[in-house]
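Survey of secondary and tertiary structure
Residue-level listing of the chains:
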Amino acid sequence: MKRIVIVVAALGFAAALIAAMLDLAPAAVDLRGSVAAHLAASGVEHPVTAVLLNYRGYDTLLEIAVLLLALLVILAVGNEKVAGVSAQPNPVLQTLARLAVPLMIVMAVYLLWAGAHRPGGAFQAGAVLAAAAVLLHLVGLRPSWTLPTARLRIGLATGFVVFLAVAAALLGQGALLQYPSGQAGLLILLIEAGLTVSLGLILAGLFLFLS
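Cut-offs and rules
Residues numbered from 1 in each chain as written. Predicted model: local features only at pLDDT ≥ 70, side-chain atom pairs only at ≥ 80, totals over all residues. Heavy atoms only, no water. Helix = DSSP H or I, 4+ residues; strand = E, 2+ residues; numbered from the N terminus. Buried < 20%, exposed > 50% of the residue type's maximum accessible area, 1.4 Å probe, protein only. Areas by Shrake-Rupley, 256 points an atom, 1.4 Å probe, with all protein chains shown as cover. Lys, Arg positive; Asp, Glu negative; His and termini not counted. Charge placed at Lys NZ, Arg CZ, Asp CG, Glu CD. Axes fitted to C-alpha atoms, helices over the stretch in contact; angles between N-to-C directions. Parallel < 35°, antiparallel > 145°, perpendicular 65-115°, else oblique. Left-handed = near helix turned anticlockwise from the far one by under 90°. Contact = heavy atoms within 4.5 Å. Nonpolar A, V, L, I, M, F, W, Y, C, P; charged D, E, K, R; others polar. 1 Å grid on protein atoms, 1.4 Å probe; cavity = no way out; pocket = protein on both sides within 12 Å on 5 of 7 lines; lining within 4 Å. Points joined across faces, edges and corners; volume = space filled by probe spheres on them. Expected span 1.5 Å × (residues − 1). Polar contact = N/O pair within 3.5 Å; in protein donor to acceptor, adjacent residues only side chain to side chain. Core = buried A, V, L, I, M, F, W, Y, C linked by side-chain atoms within 4.5 Å. Phe/Tyr/Trp six-rings, centres within 6.5 Å; stacked < 30°, edge-to-face > 60°.

With that settled, the discussion passes to the overall build of the protein chain. In terms of helices and strands, the protein chain carries eight helices and zero strands. Its C-alpha atoms put the protein chain at 55 × 45 × 35 Å along the principal axes. Looking at the protein chain residue by residue over its 211 residues, the buried ones come to 32%. Entry remark: accessible area of the protein chain is about 13,300 Å², with carbon and sulfur atoms responsible for 72%. Taking the average place of the 10 positive charges on the side chains of the protein chain and the average place of its 7 negative ones, the gap between the two points comes to 17 Å.

Written out as structure tokens, the structure reads:
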């Protein structure tokens, strides 16, 4: 009976969300034209990357800070392990994981590089890296995480620190994250490279510190 109630409640909530989305009024301000008009000066060719790391870069900086803070809260409260079902390692799954993880790393690098020109970027690349780490843990090739080592702490903070350092260095331009002409693409790639490492570790840590 409880399951039926939960399913009905979930379906009702989903229906309400769909109805609310369909009832949304058209956007009062359409910024697509402005984004396209200034895309050449943004340092990248993809409008989503331009918005996330140029036009509204401070939003992305705060998002990374929130994710890092969430992981720090888990560590501060105590990483109480979630009870799971123990199982003997499966050699077939371990072999498949060993084959899949290098491909996932290559895909993450591709997504990082492609983000300037097409769908991709640091968030997608970091998610793939995190999935690789979780996969290795689930098949028994890597243990869960306990307390973060010095190298892990550096990796977790790298993206936020690089992003903050670039923002601080650009304060002399008169606006937060206002990239110099001709250097925007390189600075965005530098930020995204740091974010890829940190996001991969943060997202993996949200699972591995509790498993």
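There's more to say after this.
Packing of helix α4 (residues 57–77) against helix α7 (residues 150–169) leaves a shortest axis separation of 10 Å and a crossing angle of 155°. One element, α4, and the other, α7, form an angle in the roughly antiparallel class. Pair α4 / α7 crosses with left-handed handedness. Facing G57, T60, L61, I64, A65, L68 and L71 of α4, the residues of α7 in contact are L156, F160, F163 and L164. In the contact of α4 with α7, the residues fall into nine nonpolar, two polar and no charged.

The subject of this paragraph is the layout of surface pockets. Computed from the structure, the largest pocket encloses a volume of approximately 230 Å³. What lines the largest pocket is simply L31, R32, S34, V35, H38, P47, V51, Y55 and R56. Where the lining of the largest pocket is concerned, the elements lending two or more residues are α2 (32–37) and α3 (47–55). Among the residues forming the lining of the largest pocket, the class breakdown is five nonpolar, two polar and two charged.

Glancing now at the environment of A116. Within the secondary structure, A116 sits in the loop between α5 (91–114) and α6 (122–138). Between the alpha carbons of A116 and L199 there is a distance of 18 Å; along the sequence they are 83 residues apart. What A116 contacts, discounting residues up to four positions off in sequence, is V44, E45, H46 and T49.

Time to look at α5. Between its first and last C-alpha, α5 extends 34 Å over 24 residues, near the 34 Å set by a 1.5 Å rise per residue. All of the buried residues in α5 are Q94, A97, V101, M104, A108, L111, L112 and A114. The opening residue of α5 is N90, an N-cap whose side-chain oxygen sits 2.9 Å from the backbone nitrogen of V92.

If you look at the biggest cluster of nonpolar residues, it comprises 20 residues, and the most contacted ones within it are L53, F163, V166, L177, Y179, I191 and L195. If near-sequence neighbours (up to four positions away) are discounted, L195 is found in contact with L53, I64, A122, G159, F160, F163 and G200. Counting twelve residues, the second largest nonpolar core, distinct from the first, contains A97, L112, L136 and V139.

Moving on to α6. Relative to the 24 Å expected for 17 residues at 1.5 Å per residue, α6 spans 24 Å between its end C-alpha atoms, a close match to the ideal helical length. Listed in full, the buried residues belonging to α6 are A122, A125, G126, V128, A130, A132, V134, L136 and H137. Buried residues belonging to α6 abut α5 and α8 (184–208). Two residues or fewer after α6 comes G140, characterised by a positive phi angle close to 90°.

To continue, consider the side chain of T196. Tracing the chain through its elements places T196 in helix α8. There is a polar contact of 2.8 Å between the side chain of T196 and the backbone oxygen of E192.

Below, the discussion takes up the packing of aromatic side chains. With the rule as written, the count across this model stands at one aromatic pair. The interplanar angle of 70° and the centroid separation of 5.3 Å between the aromatic rings of W145 and F209 together place this pair among those described as edge-to-face. Linking W145 in the loop between α6 and α7 with F209 in the segment after α8, this pair joins segments that are 64 residues apart in sequence. Relative accessible area serves as the criterion here: at 0%, F209 is assigned to the buried category.

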